[in-house]
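For reference, the chains in residue letters:
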Amino acid sequence: MRGRGADSHHEIQLKQDEFVLNPPYVPEDNLTGCYVLSFEIPEHFNNRDLFIDFAGVESCFYLWLNGKFVGYSQDSKLNASFDITDYIQTGQNHLAVQVMRFGAGSYLEDQDYWHLSGIFRDVLIYAKPRMRIHDYKIETLFPGDYDNAELAVTVYPNNQASCYGEAHVRLSLYDHDRELVTQFETPKFADFRSYLQDNYVAKVKQTIKSPQLWSDEIPYLYKLVLEMIDPDGNVVDIESANVGFREISIDNTGILKMNGKRLIIRGTNLHAFCPETGRVVSTEYMSEQIKIMKSLNINAVRTSHYPHAVEWYDLCDELGIYVVDEANIETHGIGGQLSASPEWTHAYMERAARMVLRDKNHPSIILWSLGNESGYGANHAAMYGWIKEYDKTRYVQYESLNPPANISDIMAPMYPQKDWIVECMTSSVDLRPFIMCEYAYAKSNSNGNFKEFWDLIYKFPRFQGGFIWDFQDKALVRHDESGNKKYVYGGAFQEEIIDPAPDMCLNGIVFPDLTLKPAAYEIKNVQAPVQIDYVKRHYDVPGIKSYRIYNHYTHRDLSHLDIGWELVCDGKVVENGTLPRLHTPAGAIEGLQAPYDPTKVSGEAFLNFYACLNEDTYYANKGTCIYACQVELKDSVHEIHTGDIQSGSLAYEEAANRIHIYNENTNVVFSKETAEFISVRYNNQDYFTGGANNFYRPPTGIDAGVPGETLNYADDWRSLGLDSDQKEIKRIRVYAAPASVIIQVHVLYHGCIETRTEYAIGGKGIEITNTVVNNANVDTLPRIGLSFTFPAAWKSIKWYGRGPWENYADRKTAALVGIYESSVKEQHVPYIVPVECGGKEDVRYLYVSADDRKVKVTSAGHFHFDIHQHSIGQYNNAAYEDELGTSDSVFLHIDYKHAGLGGDTGWTKNIHDEYKIEKGIYVYKITLEIVD
């Protein structure tokens with residue numbers, strides 16, 4: 001990427017301060033790039049028609065060849081082809097292209113993304129014979145069941161060639177192994193005549209018996225070869241295309257089906273983007289993206305918000321990804337006024353028709369989309385009507401303002417609320433399939449509440465999934481003077497326009513380098529096509545299997561999976577095995593018998609199930625787990641151990657500003673000025689400091705929302721002062737107890753959160769009992785807990801709780817309860833903007849270690865923790881990871897409650913009520929025990 005003129009993600013490309021919004025006019029000051037090239041035409045191009053094809057140019061361009069004007073194009077995301085036969089000369093030819101940043105089409109291309117101008121896809125010069133196939137359309141039709149299909153082919157000849165009507169086409173269909181399935185020929189084109197319809201256009205059908213069906217699960221492709229044969233019997237032109245036999249239908253109950261089966265969309269939105277090359281995306285990179293999608297159980301992509309390169313659709317055909325192909329129309333900056341304007345009808349129609357004409361033969365495309373966020377009007381109805389008449393094998397969707405059925409066959413809302421989804425599902429007023437075109441906003445540390453959507457998808461047949469926003473963080477690469485690579489977001493290039501939330505493009509379930517964010521594991525597990533649950537019964541019934549496995553595949557049985565199990569007691573595996581091979585049909589439920597030995601059950605016991613591939617695939621190796629499930633066994637009991645802090649008697653001395661507790665092995669100093677431990681030493685070694693109440697977290701991207709435009713949690717928290725040390729110490733009292741010293745502290749934080757904390761200091765640790773009265777006038781506190789600081793040498797952790805990856809109250813089903821070990825360094829999650837990260841839920845105990853020293857953290861109930869090499873303040877103030885600075889400490893946060901992450905949208909307060917920390921009284925106990 002070179003040159004000037006990049007704009008970061010924003011919703012309004014054409015702002016008033018740049019030029020007056022007056023379509024179709026653009027500013028006179030219009031950044032322009034000029035490209036020139038000299039080339040020679042090879043001899044074998046002689047006596048043929050020559051064409052030049054620009055696969056993608058943003059935003060518009062003029063073309064000259066040998067000094068003569070050839071043409072103009074302004075749909076930046078579709079191929080622009082020009083016939084240059086009359087412009088070519090013998091020997092050297094000189095090509096000139098003038099690319100402008102703005103054109104009239106810019107009003108229709110106001111997407112939320114990086115605006116990067118220039119030539120970004122391939123430019124190809126090719127030659128074709130005058131007598132040639134001009135275009136062709138392939139359709140697979142199923143007049144009855146799926147035992148037989150009709151291969152319907154329409155061939156358009158070049159009607160400028162002499163005697164073209166006497167030519168015909170031979171069609172050969174080959175299977176996946178390149179074996180000929182059938183061969184047939186059209187009559188000559190002149191034989192195709194009908195009154196007031198296409199003349200000289202060949203339309204033929206051939207019955208294919210027992211075809212292999214195409215789907216995302218088994219993307220079986222045939223190859224169709226079309227040969228144009230001239231009047232003398234010579235083959236003069238050849239075209240070929242992949243063919244997938246599949247049928248998309250909507251039944252009378254409003255369910256979208258693939259080959260007669262209910263289709264579940266496990267989708268993601270995808271911008272055509274690569275951090276190193278911007279809008280230039282190689283085929284290899286696309287293939288890697290699909291590989292990761294498939295490994296995450298993603299089966300569909302919406303090409304937000306424009307058609308992608310043709311190579312993308314070839315890969316989706318081959319590898320099995322359903323595609324919603326979206327027209328390059330978004331009028332965000334100017335609203336919906338153009339959508340009803342007859343002056344713009346042709347522009348709308350051309351973008352839709354050209355997309356369909358280019359991509360029509362790809363079996364992976366199941367829906368056409370009329371664009372994004374442009375309101376709706378007569379122009380959308382016109383696009384819908386043309387597409388539905390031209391392509392009767394697919395359906396059309398459009399989301400903006402929930403348009404009626406004459407514009408969209410699908411209810412395709414973005415970011416719907418659960419209550420509204422239920423209302424739609426229980427109403428008979430509108431029985432269209434319901435597929436969310438955008439949901440689960442993945443900005444930063446997000447994707448809370450994801451399971452709640454999928455509970456409804458499995459409950460309501462007409463609710464058929466959706467497309468996550470979105471797949472990949474869209475950061476660009478910038479190199480420093482030493483050549484080091486850094487991923488950057490809005491404002492990094494001193495752009496002329498920057499979104500109010502500069503990091504708004506960082507909203508993928510994977511990082512810019514395609515490595516997984518922790519939320520990706522939750523998404524993978526929740527939407528996996530196999531699920532297992534346990535039917536709770538009051539008593540065991542002989543012969544009744546309480547465990548059930550659900551096959552949510554559309555066509556495959558479960559024979560490609562091995563179902564493993566393990567009995568886990570108090571975090572340790574005591575027995576494991578593999579179930580007999582299952583052949584559960586697609587859409588079916590089968591009972592499971594878990595063959596563990598009941599006599600081995602002790603303590604807190606879980607039965608874990610794992611569904612793993614039993615053969616290699618292109619996206620994952622044999623043994624890869626595609627789904628995991630954990631069921632707590634009935635009658636299992638977790639023995640609570642709150643720690644033993646007592647060891648010998650203690651003395652204390654109280655001064656004006658501190659309290660000193662000591663014996664021969666213990667030396668603890670508590671500050672009366674800060675209500676924190678200044679020093680905690682055992683056996684002449686430093687352990688930790690701190691222990692103060694903590695109610696703040698470094699805001700996530702969802703917490704921060706859109707600053708200055710909407711209400712958001714982060715602004716509320718900072719207004720309250722939660723990010724600062726605002727406290728009024730009301731009272732501190734100390735007294736001796738048997739084998740411990742008690743310090744009672746009464747503090748008012750931020751004028752509205754009152755705490756009464758009792759620290760019991762013993763010879764082997766500290767027991768903390770806390771009562772928190774939250775009267776803060778905010779929707780939720782980020783957390784209620786305590787913070788401690790350890791020296792840098794405390795590098796190792798071991799915990800019994802959810803893991804191994806980061807998890808939070810509303811995003812934890814994929815993180816199974818177990819015993820895990822890690823380092824403090826590994827708890828940092830490298831979000832591009834440093835935020836709250838590394839949390840662990842439902843923790844029973846935690847060990848923090850430095851060589852031979854250990855501290856064990858326990859609680860009367862489950863707790864949440866995170867531990868990092870940087871403080872909350874360092875995270876809070878850093879715009880990039882390299883701005884975190886250095887630290888010689890380790891910061892441990894133990895939370896009685898930690899608020900959920902939210903993630904329904906990226907610009908509203910959307911932590912669900914059950915995951916909030918609202919006004920009320922909270923009482924908890926935490927113990928830090930010194931372990932010998």
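Residues numbered from 1 in each chain as written. Predicted model: local features only at pLDDT ≥ 70, side-chain atom pairs only at ≥ 80, totals over all residues. Heavy atoms only, no water.

Visitor: Help me understand the overall build of the protein chain in this model?
Guide: When you go through the protein chain residue by residue, the secondary structure sums to 10 helices and 54 strands. A compact globule built from 932 residues should have a C-alpha radius of gyration of about 30 Å, and the protein chain, at 32 Å, falls within 12% of that. Seen along its three principal axes, the alpha-carbon backbone of the protein chain occupies a region of about 110 × 75 × 50 Å. Sequence-distant contacts, at least 24 apart, represent 70% of the contacts inside the protein chain between residues at least 6 apart. Separation between the mean location of the 86 positive side-chain charges and that of the 127 negative ones in the protein chain comes to 3 Å. (Helix = DSSP H or I, 4+ residues; strand = E, 2+ residues; numbered from the N terminus. Rg over C-alpha atoms; globule rule 2.2 N^0.38 Å. Contact = heavy atoms within 4.5 Å. Lys, Arg positive; Asp, Glu negative; His and termini not counted. Charge placed at Lys NZ, Arg CZ, Asp CG, Glu CD.)

Visitor: What am I meant to see in the packing of aromatic side chains here?
Guide: Aromatic ring pairs are defined here through the distance separating the ring centres and the angle between the ring planes. With the rule as written, the count across this model stands at 48 aromatic pairs. Seen in terms of ring centroids, Tyr222 and Phe245 are 5.1 Å apart; in terms of plane orientation they differ by 85 degrees. Their pairing is edge-to-face. Of this pair, Tyr222 sits in strand 17 (residues 222–229) while Phe245 sits in the loop between strand 18 (235–243) and strand 19 (248–250), and the two are 23 residues apart along the sequence. Each member of the pair, Tyr222 as well as Phe245, is classed as buried. An angle of 70 degrees between the planes, with centres 5.3 Å apart, marks the rings of Phe695 and Tyr749 as edge-to-face. With Phe695 in the loop between strand 43 (685–694) and helix 8 (701–704) and Tyr749 in strand 45 (residues 740–749), this pair connects stretches of sequence that are 54 residues apart. Comparing Phe695 with Tyr749 shows no difference in burial state: the two are buried. (Phe/Tyr/Trp six-rings, centres within 6.5 Å; stacked < 30°, edge-to-face > 60°. Buried < 20%, exposed > 50% of the residue type's maximum accessible area, 1.4 Å probe, protein only.)

Visitor: In this structure, what is going on with the sheet that holds strand 7 (residues 80–83)? I would like to understand it.
Guide: Strand pairing in a sheet relies on backbone hydrogen bonds. The paired strands run either parallel or antiparallel. Pairing is antiparallel across the open sheet formed by three strands, whose spatial order is 7-3-11. Lying at the two open borders of the sheet, with one neighbouring strand each, are strand 7 and strand 11 (123–128). Going from strand to strand, the sheet's axes swing by 20 degrees on average, the running direction of each strand aside. (Pairing = 2+ DSSP bridges. Axes fitted to C-alpha atoms, helices over the stretch in contact; angles between N-to-C directions.)

Visitor: Sorry if this is basic, but what is going on with unusual backbone geometry here?
Guide: A negative phi holds for most residues other than glycine; trans holds for most peptide bonds. Following Pro23, the chain continues into Pro24 via a peptide bond in cis, with omega recorded as 10 degrees. With respect to the element layout, Pro24 can be found in the loop between strand 1 (7–10) and strand 2 (32–40). Residues Gly803 and Pro804 are joined by a peptide bond in cis, for which omega reads 5 degrees. Relative to the assigned elements, Pro804 resides in the loop between strand 49 (796–803) and strand 50 (816–823). Positive phi is not limited to glycine here, since Asn297 has a value of about 65 degrees. By the element assignment, Asn297 lies in the loop between helix 1 (283–295) and strand 23 (300–302). The buried category is assigned to Asn297, whose relative accessible area is 10%. Positive phi outside glycine occurs at Ala675, with the angle close to 60 degrees. Within the element layout of this structure, Ala675 appears in the loop between strand 41 (666–671) and strand 42 (676–682). Under the relative-accessibility criterion, Ala675 is labelled buried at 2%.

Visitor: Can you help me understand the sheet that holds strand 20 (residues 256–258) in this one?
Guide: With antiparallel pairing, three strands are arranged side by side in an open sheet as 19-20-21. The sheet is open, and its two edges are formed by strand 19 and strand 21 (261–262), each paired on a single side. With two bridges connecting them, strand 20 and strand 21 associate as antiparallel partners. Counted as the bridge partner of Lys257 is Arg262 from strand 21.

Visitor: I'm lost on the confidence of the model for the protein chain in this one. Help?
Guide: Detailed reading of the predicted coordinates is not advisable wherever pLDDT falls low. When pLDDT is averaged along the protein chain, the result is 94; 97% of the residues meet or exceed 70. The low-confidence segment residues 5–17, where pLDDT is below 50, has 57 contacts with residues more than four positions distant or belonging to other chains. (pLDDT = per-residue confidence, 0-100.)

Visitor: Is there a simple way to explain the pattern of salt bridges in this structure?
Guide: Two side chains bearing opposite charge may form a pair once their charged atoms approach each other closely. Throughout the structure, instances matching the rule amount to 49 salt bridges. We note a salt bridge from Lys474 to Asp470, for which the minimum N-O separation is 2.6 Å. Of the two residues examined, Lys474 and Asp470, each falls in the buried class. Close ionic contact of Glu728 with Lys730 constitutes a salt bridge, the shortest N to O distance being 3.2 Å. By relative accessible area, Glu728 is classed as partly exposed at 41%. Several salt bridges share partner residues, and in doing so they unite Asp75, Glu109, Arg351 and Arg354 into one network. (Salt bridge = Lys/Arg side-chain N within 4 Å of Asp/Glu carboxyl O.)

Visitor: Before we go on, may I ask you to explain the environment of Ile255 in this structure?
Guide: With respect to the helices, strands and loops of the structure, Ile255 is situated in the loop between strand 19 and strand 20. For the pair Ile255 and Phe463, spaced 208 residues apart in the sequence, the C-alpha separation amounts to 8.2 Å. In this structure, Ile255 is in contact with Ser249, Ile250, Arg262, Pro433, Pro461, Arg462 and Gln464, ignoring residues within four places of it in sequence.

Visitor: Help me out: how do you make sense of the nonpolar core in this one?
Guide: Core analysis: the largest hydrophobic core is formed by 72 residues, its most contacted members being Trp312, Phe463 and Ile509. Setting aside anything within four residues of it in sequence, one finds Phe463 in contact with Arg262, Ile421, Met425, Phe434, Met436, Phe453, Leu456 and Ile457. In this structure, Tyr687, Val734, Val747 and Ile768 belong to the second largest nonpolar core, which totals 69 residues. (Core = buried A, V, L, I, M, F, W, Y, C linked by side-chain atoms within 4.5 Å.)

Visitor: I'm lost on a nonpolar patch on the surface in this one. Help?
Guide: There is a patch of nonpolar side chains on the surface, built from Tyr62, Phe69 and Tyr72 and spanning about 270 Å² of accessible area. Overall, the relative accessible area of 31% leaves Tyr62 in the partly exposed class. (Patch = residues over 30% accessible without salt bridge, like charges linked within 9 Å, V, L, I, M, F, W, Y side chains within 5 Å. Areas by Shrake-Rupley, 256 points an atom, 1.4 Å probe, with all protein chains shown as cover.)

Visitor: Where do I start with helix 3 (residues 345–359) in this structure?
Guide: The α-helix advances 3.6 residues per turn, and as a result positions three or four apart in sequence lie on the same side. Along its 15 residues, helix 3 runs 21 Å from first to last C-alpha, staying within 8% of the 21 Å computed at 1.5 Å per residue. Taken as a whole, helix 3 has its buried residues at Tyr348, Met349, Arg351, Ala352, Ala353, Met355, Val356 and Asp359. Elements in contact with the buried residues of helix 3: helix 2 (310–319), strand 24 (322–326), strand 25 (365–369) and helix 4 (378–390). (Expected span 1.5 Å × (residues − 1).)

Visitor: Where do I start with the pairing of strand 12 (residues 133–141) in this structure?
Guide: If a strand is regular, its side chains alternate between the two faces of the sheet. Both strand 12 and strand 13 (residues 148–157) contribute to a ladder of eight bridges, which runs antiparallel. Along strand 13, the bridge assignment pairs Ile133 with Pro157. Connecting the antiparallel pair strand 12 and strand 13 is a turn made up of six residues.

Visitor: Looking at this structure, I do not really get the packing of helix 1 against helix 2. What am I missing?
Guide: Helices that pack against each other are described as a pair by the angle of their axes relative to one another and the distance between those axes. Packing of helix 1 against helix 2 leaves a shortest axis separation of 10 Å and a crossing angle of 40 degrees. Comparing the axis directions of helix 1 and helix 2 gives the class oblique. The chirality of how helix 1 crosses helix 2 is right-handed. Contact with helix 1, carried on its side by Thr283, Met286, Ser287, Gln289, Ile290, Met293 and Lys294, involves Glu311, Trp312, Leu315, Cys316 and Leu319 of helix 2 and no other residues of that element. Here the contact of helix 1 with helix 2 is composed, by residue class, of seven nonpolar, three polar and two charged. (Parallel < 35°, antiparallel > 145°, perpendicular 65-115°, else oblique. Left-handed = near helix turned anticlockwise from the far one by under 90°. Nonpolar A, V, L, I, M, F, W, Y, C, P; charged D, E, K, R; others polar.)

Visitor: Please explain the pairing of strand 8 (residues 92–100) as it appears in this structure.
Guide: With nine bridges connecting them, strand 2 and strand 8 associate as antiparallel partners. In the sheet register, Gly33 faces strand 8, and the bridge partner there is Val99.

Visitor: What is the right way to look at the packing of helix 3 against helix 4 in this model?
Guide: At a minimum axis separation of 9 Å, helix 3 and helix 4 run at an interaxial angle of 30 degrees. By the angle between their axes, helix 3 is roughly parallel relative to helix 4. For the crossing formed where helix 3 meets helix 4, the hand is right-handed. Two secondary-structure elements touch here, helix 3 through Thr345, Tyr348, Met349, Ala352, Ala353, Val356 and Leu357 and helix 4 through Asn379, His380, Ala382, Met383, Trp386, Ile387 and Tyr390.

Visitor: It is not clear to me how the environment of Phe245 should be interpreted in this structure. Could you clarify?
Guide: We classify Phe245 as buried; its relative accessible area is 0%. Taking the C-alpha atoms as reference, Phe245 lies 7.5 Å from Pro363; in sequence the two are 118 residues apart.

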